[in-house]
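Given next are the chains, with one letter for each unit.
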Amino acid sequence: MMKYILTGAMALGLAAGVAHAQDDSVSRERTVVTQPDGDRTVNTQTTVNRDGPYGDHTVTKDTVRRSDGVGDSSTTSRTTRTNDTPYGDTSSTTVQRTTTDH
């Protein structure tokens, strides 16, 4: 009898584990543009999506690097985090800029 109880408990545990499966995805995109005068722009975007039983979570990081032919450069990074849950939705964005002039 105890064998059947343990087998049933394990089956319920496996079924509960299947119900809590997550779906993860990562996408990356990079674009490089070089102008004839030496100006160059590199745009890199990475997005991570995680869809789970308690909500969907997305993190997107977008980095743009610009440089010209005389040594001036700038970098702008933007990170956006989004959480969609049954308890409420939240979103936050962080922006960081760096500039170098020669």
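None of the values given here were measured: they were computed from a predicted structure. (Residues numbered from 1 in each chain as written. Predicted model: local features only at pLDDT ≥ 70, side-chain atom pairs only at ≥ 80, totals over all residues. Heavy atoms only, no water.)

Visitor: I'd like a description of the overall build of the chain, backed by residues and values.
Guide: Scanning the chain from N- to C-terminus turns up 1 helix and 5 strands. When its helices and strands are written in sequence order, the chain yields α-β-β-β-β-β. Every one of the 102 residues in the chain was classed for burial, and the buried ones make up 8%. Counting contacts in the chain only where the partners sit at least 6 residues apart, residues at least 24 apart contribute 33% of the total. Entry remark: accessible area of the chain is about 7,900 Å², with carbon and sulfur atoms responsible for 53%. (Helix = DSSP H or I, 4+ residues; strand = E, 2+ residues; numbered from the N terminus. Buried < 20%, exposed > 50% of the residue type's maximum accessible area, 1.4 Å probe, protein only. Contact = heavy atoms within 4.5 Å. Areas by Shrake-Rupley, 256 points an atom, 1.4 Å probe, with all protein chains shown as cover.)

Visitor: Which residues make up a negative patch on the surface, and what are the values?
Guide: The grouping of Asp 23, Asp 51, Asp 56, Asp 84 and Asp 89 at the surface amounts to a negative patch. Assignment of secondary structure puts Asp 84 in strand β4 (residues 73–85). What makes Asp 84 partly exposed here is its relative accessible area of 35%. (Patch = residues over 30% accessible without salt bridge, like charges linked within 9 Å, V, L, I, M, F, W, Y side chains within 5 Å. Salt bridge = Lys/Arg side-chain N within 4 Å of Asp/Glu carboxyl O. Lys, Arg positive; Asp, Glu negative; His and termini not counted. Charge placed at Lys NZ, Arg CZ, Asp CG, Glu CD.)

Visitor: How would you explain the side chain of Thr 63 if you had to name every residue and give the values?
Guide: Looking at the secondary structure, you find Thr 63 in strand β3 (residues 55–67). Overall, the relative accessible area of 9% leaves Thr 63 in the buried class. Contact partners of Thr 63, with chain neighbours within four places excluded, come to Val 42, Asn 43, Thr 44, Thr 75, Thr 76 and Ser 77.

Visitor: Go over the sheet that holds strand β5 (residues 88–100) with me, naming the residues and quoting the values.
Guide: Ordered by their spatial adjacency, 5 strands build an open sheet running β1-β2-β3-β4-β5, and the pairing between neighbours is antiparallel. Each having just a single partner strand, β1 (23–34) and β5 make up the two edges of the open sheet. Pairs of neighbouring strands in the sheet enclose a mean axial angle of 5°, with direction left out of account. Pairing of strand β2 (residues 40–52) with β3, which is carried by 13 bridges, proceeds in the antiparallel orientation. By the bridge assignment for β3, Asn 43 is matched with Val 64. (Pairing = 2+ DSSP bridges. Axes fitted to C-alpha atoms, helices over the stretch in contact; angles between N-to-C directions.)

Visitor: Break down the pattern of salt bridges for me, citing the residues and quoting the values.
Guide: Taken as a whole and assessed by the stated rule, the structure comprises 1 salt bridge. With a shortest N-O distance of 3.2 Å, Arg 50 and Asp 24 are connected by a salt bridge. Of this pair, Arg 50 sits in strand β2 while Asp 24 is found in strand β1, placing the two residues 26 residues apart along the sequence.

Visitor: So, the pairing of β1: which residues are in play, and what are the values?
Guide: Bridge count between β1 and β2: 12 bridges; the pairing is antiparallel. Paired with Asp 24 across the bridge in β2 is Arg 50.

Any functional reading would require information beyond the geometric quantities listed.
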